[in-house]
Every structure is written in C-alpha cells, then in structure tokens.
Amino acid sequence: MSTPDTCVRARAEIVRLTSGINGLDDSIEGGFPFPSVILVAGSAGTGKTTFAMKYLCEGAKKGEQCLYITTLSEPTQWMMRYAMQFDFMDPSYFDDQIVYMDLGDKLRTMKPNEILNVIDEKIAEVMPTRIVIDPLTVIGNMMGGDYRQFLFDLTNRLKNWNAVTVVTGEVQPNELYPTEIAYAVDGIILLLLSDEVVTRRKYVEVLKMRGTNHATGRQPIDISRREGIIVLKARF
Amino acid sequence: MNEKDLYLMAYLKDNLSAFDNGPVLLDVKSTQFVRVNLLLLKAFSSMPGRPGMFIAVDRPHHYMLHLMGMHQIDPQGLIFIDAISRFAADTKNSHSPANLLNAPSNIDSLPSAIRDWAGNSPHPAPMDLQRCRFAMIDNISSLLLYNSFNNVEVFLQDFIDVLTSHARVQIPLLVDKERNCMLYEAARSLCPHEISVNDGILASMSLTSKRNGIARIVDSNEV
C-alpha cells in the first residue's frame, strides 16, 4: 500500500483540545489531552469560572457540543449576567452548543449513585466534547463520607466518555489543590493569588498534565474583559 | 441524542445504504468517534435482522453497552470482541455476548481468531459470520498505541478479507484524515467508498436542524 509523501505520521499521537486560554496552550503542547479530566484549582476570585467559561466558548466557537454542569443552583440568567461581561461570550452559544445543567437541587435530594446516573444521562443526551463541572468541591461539602468513592466513580465514567472535562475546585488561600480529587485527574492547573508589595498578583501553574511535556513554574496572568484569562509573557 | 444527531444518523444511514457491502471509509474527527459510532450502531439497529460485530479497543464493551442503553440502542444481535477489558484489568468477565482478548496488541492475529470462533469452537459468544451484516472497530487509531503501523495495516486487510468472504457485511472504518493521514491512506486503499463526516457536514446538520426543525437532510452536494 503506497502513501503520499506528505503523509509521514504512523504513530498514534495524543489528540488535544485547545483550552482557549491565551498563552496556556503553548505550555501544554497545544492543549489538553483528549479525553481527560482536568482539575482547575484556586481560591476565591482567582478566575476558575472564567477559565471554565472560556474553555467552553472555545469549543462552542468551533461547533463542538459542550456541557456546563453547575453545582450552585444558579439560574442560567444569573450566570449569564456575569459571563456576558466578556467579549468572548456569545449568548447564542447557549441556544445550541453549550447545554447548561443545574445539579444543585439534585445534590440535596439524591444519593451519590443517582447523581452519577443523572450526569451520565445528560452526557449521553448531549454527547459533549467539552464538559465543565463548576465547582466540584461543593459536592464534597454536601456528600460527606461518600465523596471519595463518588469522585472515583465520576472520574472513571468521565474518562470512558470521549470528552475533556474541566472540574473546578475551590481551595483555602493556604491550600494548593483539593487533595481528594488530585489523584484521580489527568491534569492539575493552579490559579494562584500571591501577596506582593502593595498588591496581589495572579498566576497560573501547570502542576500535572499526563502525556504532556508541560512548562513548569508560575506564569503571571491577567483577566481582561476582552479575552478572559491571558497568560502574560515573562517580562525582564 | 438531539435533533442534530438524528440528522447526522439519517445522513450516515442514507449514505451507507447507497453502497454495496464491504468496507466504507469515514473521515471523522477524533473527538467525534464515540458520537459517530453510537449513531452508526443506532442506524444499524434500526434495520431489523442486522446482527453485527463490534471490536472494543478504546473503551470496555460494557461501557459501550451502557452508552447504548442510554441511547435506547438495542444490543440484540451484536457480538463484542473486547480487546481492552482484560488488558486494563477493568473486568475479567463479559457482560454480554462478548469474546475477551487478553490485550489489543498482536491485533494482526485477530482475523484468524475470528475465523476459528466462527467455526465450532466453544467460546463465550459464538459467531455466525454468515449472518453478520456489519462490523465496527472502536477505533482503528487506538490500535496504533499497541501495534506497529504494519501490523494494523495487515490486520485491516485480513479483517476485511475474512468478513467479506463469509458474509455480506458492511465495515465502516472511522479515521481522522487530518490527524492520521497515513492510516487514512492505508484504509482508503482498501475502501471503494468514502463518507465525509467533517466539520462542514456537522455544521450543515446544525444549520439544518435550526432552520427546519425536523424536515430534511442537507444533500452532501450542497455542503
């Protein structure tokens, strides 16, 4: 069997989904490994939801199906009210490409297995390429003792589905990431606030990204209305 | 499945029914493999009396069954060859008519094993190749993780030969042309027919479903 000269790749290469975060993809060989589960961890105000929204809009822009699962019981319009401040957000994405699912009420009334089934059914219905669960750590607060088993089952199911799932995790200012989920995910991205002279600066750090030769160390970020999170180039 | 998916399923079904039996190459983005596999399974299952074979490489067959259940796809008549469950230590037993391979490596030996299974040997899921009407692999690209390119090439050739010599069987082969053009070219040399499920087609499904509700399928010539 002959192949054209332009065709030279025989090896299976990891498919990657661009994050949409300006400057981040260069640090992770072009994007998140597909499929995978990525934890985006940070304390309050570090930009976790902005990160997640930009990631979904990047997919919607390309015509991909996306699923946004909120654990906060926020009505769509409440979330949209803030998200619409960003230029990258197009409300028409929510007509078709981005499906919004509120898990908040179910967390109060359902057992862990039932919650998994509800998520599974929604994923089967939407067949998304990109999924966000924001914030995952709320589930831990409500679930108590079953949380670890739930996380194990959830990440297992998400990995079998062909999607890149971004889960956000809220941490205390002195914590790096929620340890109970870290072992089960394929990638960990930290969004950090650092006290510096008369100000606080924001940083991003790729702590773990399986199958990826990723950049190490903290990189400064900015959050702008136009692009959301931007990884700033090092300035000397 | 949403309206867009139903359009895509109808598009696949229409195109497949236009072809004779044998291998058909589908150019599909890697991120859409599961979706298209499910739509193909749904399309095949809606044609009564079409038993088929599904080779699971990317995910265990019981998860595929789980997804089929979610999409109300009847698994009756479907036989799985699961190349990953034992290897991944996910399960040692099959959940449905399935033959479990030890690993997805040495895939070039699978066609002769299928030939043996189709005989009288006692296996968990005996196969009647004469009745088999479709065969799918989830997915060929993943085989390259465990096998050399040459072995995958040999496997494809033998797999098609074994099946088409026993039955009138359709074999949709999903390859991402953009990501793995070498595999795509190898598969293309074996396939007389090709269906594109690229971004343009998917976008047209989206537009059509928005425009028409549930009315017509965009002709591939319009795209």
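Residues numbered from 1 in each chain as written. Chains lettered and ligands numbered in written order. Predicted model: local features only at pLDDT ≥ 70, side-chain atom pairs only at ≥ 80, totals over all residues. Heavy atoms only, no water.

Brief notes about the overall build of chain A
In terms of regular secondary structure, chain A is built from seven helices and eleven strands. Taken across its 236 residues, chain A has 56% of its residues classed as buried. Entry remark: accessible area of chain A is about 10,800 Å², with carbon and sulfur atoms responsible for 47%. (Helix = DSSP H or I, 4+ residues; strand = E, 2+ residues; numbered from the N terminus. Buried < 20%, exposed > 50% of the residue type's maximum accessible area, 1.4 Å probe, protein only. Areas by Shrake-Rupley, 256 points an atom, 1.4 Å probe, with all protein chains shown as cover.)

A short note on the nonpolar core
With 71 residues, the main nonpolar core has A:W161 and B:L26 as its most contacted residues. Here the element with the most residues in this core is helix α2 (residues 33-45) of chain B; it accounts for nine residues. Contacts of B:L26, omitting those with residues within four sequence positions, involve B:L12, B:V36, B:L40, B:P172, B:L173, B:L174, B:V175, B:I195 and B:V197. Core analysis: the next-biggest nonpolar cluster, separate from the first, contains 39 residues, A:V40, A:Y68, A:F86 and A:V166 among them. (Core = buried A, V, L, I, M, F, W, Y, C linked by side-chain atoms within 4.5 Å. Contact = heavy atoms within 4.5 Å.)

Looking at the environment of B:A203
Residues and elements named next belong to chain B. One can find A203 in helix α8 (residues 199-212). According to the relative accessible area criterion, A203 is partly exposed, its value standing at 40%. C-alpha of A203 to C-alpha of K4: the two residues are 199 residues apart in sequence and 9.3 Å apart in space.

Here's the deal with the interface of chain A and chain B
Chain A puts 30 residues into the contact, and the matching count from chain B is 37 residues. Buried area between chain A and chain B, both sides added, is near 2,800 Å², and the carbon and sulfur share of it is 56%. At the surface where chain A touches chain B, the tally comes to one salt bridge. Residue B:K4 pairs with A:D96 through a salt bridge whose shortest N-O separation is 4.0 Å. Along the contact surface separating chain A from chain B lie eight residue pairs in polar contact (both at pLDDT 80 or more). Of all elements in the fold, only β1 (15-17), α4 (112-126) and α6 (147-160) of chain A reach the threshold of two or more residues within the side of chain A that touches chain B. The element best represented in the side of chain A that touches chain B is α4(A), accounting for six residues. (Buried area = accessible area lost by both parts, 1.4 Å probe. Salt bridge = Lys/Arg side-chain N within 4 Å of Asp/Glu carboxyl O. Polar contact = N/O pair within 3.5 Å; in protein donor to acceptor, adjacent residues only side chain to side chain.)

Details of the layout of surface pockets
Residues and elements named next belong to chain A. One number sums up the size of the second largest pocket: a volume of about 470 Å³. K48, T49, T50, Y82 and D134 are, among the 21 residues lining the second largest pocket, the residues nearest its centre. Going through the elements one at a time, α1 (48-61), β4 (66-70) and α2 (76-83) are the ones with two or more residues in the lining of the second largest pocket. (1 Å grid on protein atoms, 1.4 Å probe; cavity = no way out; pocket = protein on both sides within 12 Å on 5 of 7 lines; lining within 4 Å. Points joined across faces, edges and corners; volume = space filled by probe spheres on them.)

Things to note about the sheet that holds strand β9 (residues 199-209) of chain A
Residue and element names in this part refer to chain A. Taken together, nine strands build an open sheet; the order of strands is β5-β4-β6-β7-β3-β8-β9-β10-β11 and the sheet is mixed. Taken across any chain shown, the strands that pair with only one partner, and hence form the sheet edges, are β5 (98-102) and β11 (228-231). Across the sheet, the mean angle from the axis of one strand to that of its neighbour is 25°, orientation sign disregarded. Pairing geometry for β4 and β5, over five bridges, is parallel. Of the residues in β5, the one forming a bridge with Y68 is Y100. (Pairing = 2+ DSSP bridges. Axes fitted to C-alpha atoms, helices over the stretch in contact; angles between N-to-C directions.)

Some remarks on the confidence of the model for chain A
The predicted model of chain A averages 87 in pLDDT, with 94% of residues at 70 or higher. Confidence, expressed as mean pLDDT per element, reaches its minimum in chain A at α2(A) with 78 and its maximum at strand β3 (residues 36-42) of chain A with 96. (pLDDT = per-residue confidence, 0-100.)

Section: the pairing of strand β1 (residues 22-28) of chain B
Residue and element names in this part refer to chain B. Burial analysis of β1 places seven of its seven residues in the buried class, which makes it a mostly covered element. By the bridge criterion, six bridges tie β1 to strand β6 (residues 170-175) in an arrangement that is parallel. Residue pairing for β6: L26 is matched across the bridge by L174. Note that β1 and strand β7 (residues 193-197) share five bridges and pair parallel. Bridging from a neighbouring strand, D27 pairs with S196 of β7.

Section: the state of the cysteines
Per the stated rule, a full pass over the model turns up zero disulfides over all chains. Note on A:C57: no disulfide assigned, nearest cysteine sulfur contributed by A:C66 at a separation of 8.0 Å. (Disulfide = S-S within 2.5 Å.)

A closer look at the pattern of salt bridges
Residue and element names in this part refer to chain A. Evaluated as defined, the whole model comprises 17 salt bridges over all chains. Here R210 and D186 are joined by a salt bridge, their closest N and O atoms 3.0 Å apart. Highlighted residues: R210 in the loop between β9 and β10 (218-224) and D186 in the loop between α7 (179-182) and β8 (187-196), separated in sequence by 24 residues. In this structure D186 comes out as buried when scored by relative accessible area, which is 9%. The salt bridge involving E205 is made with R218; its shortest N-O contact spans 3.7 Å. Here E205, found in strand β9, pairs with R218, found in strand β10; they are 13 residues apart in sequence, far enough to count as distant. Residue classification places R218 among the partly exposed residues on the basis of a relative accessible area of 47%. Bridged by salt links that share partners, the residues E58, K61 and K62 form one connected network.

A short note on α6(A)
An ideal rise of 1.5 Å per residue puts 20 Å on 14 residues; α6(A) measures up with 20 Å between its terminal C-alpha atoms. Of all the positions in α6(A), only A:Y147, A:F150, A:L151, A:L154, A:T155, A:L158 and A:N160 are classed as buried. (Expected span 1.5 Å × (residues − 1).)

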